[in-house]
Amino acid sequence: MDDAERRHEERRQDLETAAQLHEAIALQRAFGSDAAQRFLKLRGIGDEVSQNALIESYDRRQAARRLREAAVS
């Protein structure tokens, strides 16, 4: 496998992983973090990657909620 093929393969996997993480974040909003982590685990995404993505997503949503509440007050 040459460098171009390797880079193409890495990009393809990154796009697939990104799509699965996006789906997991939607599951997290609807059904909670446990469901989202199970979804990612069943798709072979490691615990560290899934936890980081889900925690960051949760933290961003909470920060946005606090900003909205502060604007209303």
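Residues numbered from 1 in each chain as written. Predicted model: local features only at pLDDT ≥ 70, side-chain atom pairs only at ≥ 80, totals over all residues. Heavy atoms only, no water.

Draft legend 1. Structural context of helix α2 (residues 33-42). Within the span of α2, buried status applies to A35, A36, F39 and L40. Buried residues of α2, seen end-on, are gathered within an arc of 130 degrees and therefore sit on one face of the element. Among the exposed residues of α2, those pointing more than 90 degrees away from its buried face are D34, R38, K41 and L42. Among the residues trailing α2, G44 stands out with phi positive, at a value near 80 degrees. (Buried < 20%, exposed > 50% of the residue type's maximum accessible area, 1.4 Å probe, protein only. Helix = DSSP H or I, 4+ residues; strand = E, 2+ residues; numbered from the N terminus. Arc of directions from axis to C-beta.)

Draft legend 2. How the structure looks around the pattern of salt bridges. Enumeration according to the criterion identifies one salt bridge in this entry. For E69, the salt bridge is made with R65, and the minimal N-O distance between the two is 2.9 Å. Taken together, the positions of E69 and R65, both in helix α3 (residues 47-72) and four residues apart, correspond to about one turn of that helix. The class for R65 is partly exposed, based on a relative accessible area of 32%. (Salt bridge = Lys/Arg side-chain N within 4 Å of Asp/Glu carboxyl O.)

Draft legend 3. Structural context of the side chain of S57. Checked against the element boundaries, S57 lands in helix α3. At 2.9 Å, the side chain of S57 forms a polar contact with the side chain of R61. Setting aside residues no more than four positions away along its own chain, S57 makes contact with I25 and Q28. (Polar contact = N/O pair within 3.5 Å; in protein donor to acceptor, adjacent residues only side chain to side chain. Contact = heavy atoms within 4.5 Å.)

Draft legend 4. Layout of the environment of G44. For G44, the position within the fold is in the loop between α2 and α3. Sequence separation of G44 and T17 is 27 residues, and the distance between their C-alpha atoms is 9.6 Å.

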